[in-house]
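Coordinate inspection notes
Letter by letter, the chains look like this.
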Amino acid sequence: MRIRRSLAAVIATAALAGLGLTGAATATAASPATSPAASPAESPTPGECEKGGGTVDRATNLCRGGTYNGQMVD
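Residues numbered from 1 in each chain as written. Predicted model: local features only at pLDDT ≥ 70, side-chain atom pairs only at ≥ 80, totals over all residues. Heavy atoms only, no water.

1. Here we look at the overall build of the protein
Note the following rule: Per the convention used, a helix needs a DSSP run of H or I reaching at least four residues, while a strand needs a run of E reaching at least two, with both numbered from the N terminus. Each residue's exposure class comes from its accessible area (1.4 Å probe, protein chains only) as a fraction of the maximum for that residue type: buried when under 20%, exposed when over 50%, partly exposed otherwise. Residues are treated as being in contact if the distance between any of their heavy atoms lies within 4.5 Å.
Regarding its fold elements, the protein presents two helices and two strands. When the elements of the protein are put in sequence order from the N terminus, they spell out α-α-β-β. Evaluated residue by residue, the protein yields a buried proportion of 14% over its 74 residues. Considering only contacts in the protein between residues 6 or more positions apart, those separated by 24 or more positions represent 31%.

Here it is as structure tokens:
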């Protein structure tokens, strides 16, 4: 009887710890993917600018319109 209780406590602890780690990893991984324009440190490629609904201004090397509006293009 004592072994069953101990085993149940170990399984419950492992399950709760696993859920906490999984939730934290999911929240961290999902943050940058929600809005690509949120990280101004990365410049979009010309293809990404066009896929986002913008056009590349070759004179200023900026993306005009769309998701990456005003960002420098690689």
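2. Observations regarding the nonpolar core
Our working definition: To form a nonpolar core, buried Ala, Val, Leu, Ile, Met, Phe, Trp, Tyr and Cys residues must be joined to one another through side-chain atoms within 4.5 Å.
Core analysis: the biggest nonpolar cluster contains five residues, these being Cys49, Val56, Cys63, Tyr68 and Val73. Excluding its chain neighbours within four sequence positions, the residues that come into contact with Cys49 are Pro44, Gly54, Thr55, Val56, Cys63, Arg64 and Tyr68.

3. A closer look at the confidence of the model for the protein
What counts is decided by this rule: The pLDDT value tells you how sure the predictor is about a given residue, anywhere from 0 up to 100.
Mean pLDDT over the protein works out to 75, with 59% of the residues at or above the 70 mark. Under a pLDDT of 50 for its full length, residues 30–34 has, in the predicted model, zero contacts with residues more than four places off or in other chains.

4. Remarks on the environment of Val56
Its place among the elements puts Val56 in strand E1 (residues 55–57). Residue Val56 is classed as buried on the basis of its relative accessible area of 16%. Linking Val56 and Gly70, residues 14 residues apart in sequence, is a C-alpha distance of 9.9 Å. Discounting chain neighbours no more than four positions away, the residues touching Val56 are Pro46, Cys49, Glu50, Leu62 and Val73.

5. Things to note about the environment of Arg64
The line we're drawing: Pairs of N or O atoms within 3.5 Å make up the polar contacts considered here, provided that, within protein, one atom can donate a hydrogen while the other can accept it, and that residues adjacent in sequence are counted only when both atoms are side-chain atoms.
Structurally, Arg64 is set in strand E2 (residues 62–64). With 15 residues separating them along the chain, Arg64 and Cys49 place their C-alpha atoms 8.2 Å apart. Not counting the four nearest positions on each side in its chain, Arg64 is found in contact with Cys49, Gly54, Thr55, Asp57 and Asn69. Among the polar contacts listed, one links the side chain of Arg64 to the side chain of Thr60, at a separation of 3.5 Å.

6. Here's the deal with unusual backbone geometry
Residues other than glycine seldom take positive phi values, yet Asn61 does so here, at roughly 60 degrees. Looking at where Asn61 falls in the secondary structure, it is placed in the loop between E1 and E2. Since its relative accessible area comes to 29%, Asn61 is described here as partly exposed.

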